[in-house]
Amino acid sequence: MYAAFTVLFIVALAVLAGMRGYLPYGVSFVSGGESLFTSFLVVRPVSMEPTLGAVVGRHGEVGYAVQPYILMETRRSNGALQYVVQPIGSESHTTATLMAREFGSQVVLSIPMLGAVVRALAHPIGLMGLFGVPLVMFFLHFLLMVRTSPVLKRIRLLSVRAHARREAVATVRDEEVAQVGDAADRRYGYRGVLSFLTRKSNDTKEVQETEHTPVINSGMTVELKKWGNRGVADIISTTSRSHQYSV
């Protein structure tokens, strides 16, 4: 099917170029009448005095259509060139005398039944069918080739790997941040507990030092113990040398 669309596109493009007059030497493509299934004609500009038996074309009101005639005889009337012609495709073989200026082309080649291509390309719907559809098919085929090309696959693979690598790096960074945060929590928690325990230990030491503060008074050694913040002291022990004490 792809090969058929390719052939159709090439034929339609060549015929369209001939219809528009883009071929050299004035060659153009027309249909041999106004009906759909007519002959496909290749024409060129007619000379002033074509040879007898040549097929000349008379342009009608319909675009890209030429009525072919067989040139039977040439005449001059009051200095004007006239053609005695016989129409091709007509059931009657009657001749007609027409002015030579009405014939603007000479038929070089005639292909039966292919005039439908010219008539179809002359219509917008036929132009889209014979030229636009293959063009769209080629475009879709090109997109499919690009999508399945090894280069694009490689690019997509590299893009996926780069994205996965970025996600892996972000995950590692998140884990490192979490680990640092946990370590900081543990460190600061340990320090807080250590500070609390140290403070308690210092307070206990101060109390112990306060509880066992020896006081020497009048040759007597006593040990005092504080109770609260009122400064009340109690004697813990005394020496045997004296029973008098003072605070």
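One can find the structure itself at the top, above this paragraph.
Residues numbered from 1 in each chain as written. Predicted model: local features only at pLDDT ≥ 70, side-chain atom pairs only at ≥ 80, totals over all residues. Heavy atoms only, no water.

With reference to specific residues and values, describe the side chain of S105.
With respect to the helices and strands, the residue S105 is situated in strand β7 (residues 103–111). Overall, S105 belongs to the buried group, its relative accessible area being 3%. Residues within four places of S105 in sequence aside, it is in contact with V43, R44, P45, V46, V56, G57, H59 and V66. (Helix = DSSP H or I, 4+ residues; strand = E, 2+ residues; numbered from the N terminus. Buried < 20%, exposed > 50% of the residue type's maximum accessible area, 1.4 Å probe, protein only. Contact = heavy atoms within 4.5 Å.)

Got a sec to walk through the side chain of R119? Specific residues and values, please.
Of note, R119 is situated in helix α2 (residues 115–121). Apart from the residues lying within four places of it in its own chain, the contact partners of R119 are S31, G33, E34, S35, L36, V62, G63, Y64 and A65.

Break down the pattern of salt bridges for me, with residues and values.
All chains considered together, the criterion is met by two salt bridges. Put simply, E102 and R58 hold a salt bridge, and the shortest N to O gap is 3.0 Å. Residue E102 is found in the loop between β6 (96–99) and β7, and its partner R58 is found in strand β3 (residues 55–59); the two are separated by 44 residues along the sequence. (Salt bridge = Lys/Arg side-chain N within 4 Å of Asp/Glu carboxyl O.)

Outline the packing of helix α1 (residues 2–19) against helix α3 (residues 124–147), supporting the account with residue identities and numerical values.
Put simply, α1 and α3 touch, their axes get as near as 9 Å, and they point 130 degrees apart. Put simply, α1 runs oblique to α3. Like other packed secondary-structure pairs, α1 and α3 cross with a definite hand, here left-handed. Between α1, through Y2, F5, T6, L8, F9, A12, L13 and L16, and α3, the contact on the second element is made entirely by L127, L130, F131, V133, P134, L135, M137, F138 and H141. Considered class by class, the residues forming the contact of α1 with α3 number 15 nonpolar, two polar and no charged. (Axes fitted to C-alpha atoms, helices over the stretch in contact; angles between N-to-C directions. Parallel < 35°, antiparallel > 145°, perpendicular 65-115°, else oblique. Left-handed = near helix turned anticlockwise from the far one by under 90°. Nonpolar A, V, L, I, M, F, W, Y, C, P; charged D, E, K, R; others polar.)

Give a detailed account of the packing of aromatic side chains, specifying residues and quantitative values.
For the structure shown, the criterion picks out five aromatic pairs. An aromatic cluster of at least three residues, connected via ring pairs, comprises F9, F131 and F138. (Phe/Tyr/Trp six-rings, centres within 6.5 Å; stacked < 30°, edge-to-face > 60°.)

An account of a nonpolar patch on the surface is needed here, citing residue identities and associated values.
The grouping of V133, V136, M137, F139, L140, F142, L143 and V146 at the surface amounts to a nonpolar patch, some 690 Å² of accessible area in total. Inspection of the secondary structure assignment puts L143 in helix α3. Given a relative accessible area of 40%, L143 falls into the partly exposed group. (Patch = residues over 30% accessible without salt bridge, like charges linked within 9 Å, V, L, I, M, F, W, Y side chains within 5 Å. Areas by Shrake-Rupley, 256 points an atom, 1.4 Å probe, with all protein chains shown as cover.)

Just give me the short version of the sheet that holds strand β2 (residues 40–45), but keep the residues and values in it.
As summarised here, the arrangement of the seven strands in space is β1-β2-β7-β3-β4-β5-β6, forming an open sheet in which the pairing is antiparallel. The sheet terminates laterally at β1 (28–31) and β6, the two strands that pair on one side only. Neighbour to neighbour, the strand axes of the sheet diverge by 50 degrees on average, direction disregarded. Of the strand pairs in this sheet, strand β5 (residues 80–87) and β6 are connected by four bridges, and their pairing is antiparallel. Each residue of the ladder has a partner; that of Q82, found in β6, is M99. (Pairing = 2+ DSSP bridges.)

Just give me the short version of unusual backbone geometry, but keep the residues and values in it.
For N78, which is not a glycine, the phi torsion comes out positive at approximately 55 degrees. N78 gets classed as exposed once you look at its relative accessible area, which sits at 84%. In this model, M113 sits at a positive phi of 65 degrees, which is unusual for a non-glycine residue. The residue M113 is located in the loop between β7 and α2 in this model.

Account for the pairing of β1, naming residues and giving values.
Burial of the side chains of β1 extends over both faces: S28 and V30 are buried on one face and F29 and S31 on the other. Across four bridges, β1 lies against β2 in antiparallel orientation. What sits directly across from S28, in β2, is V43.

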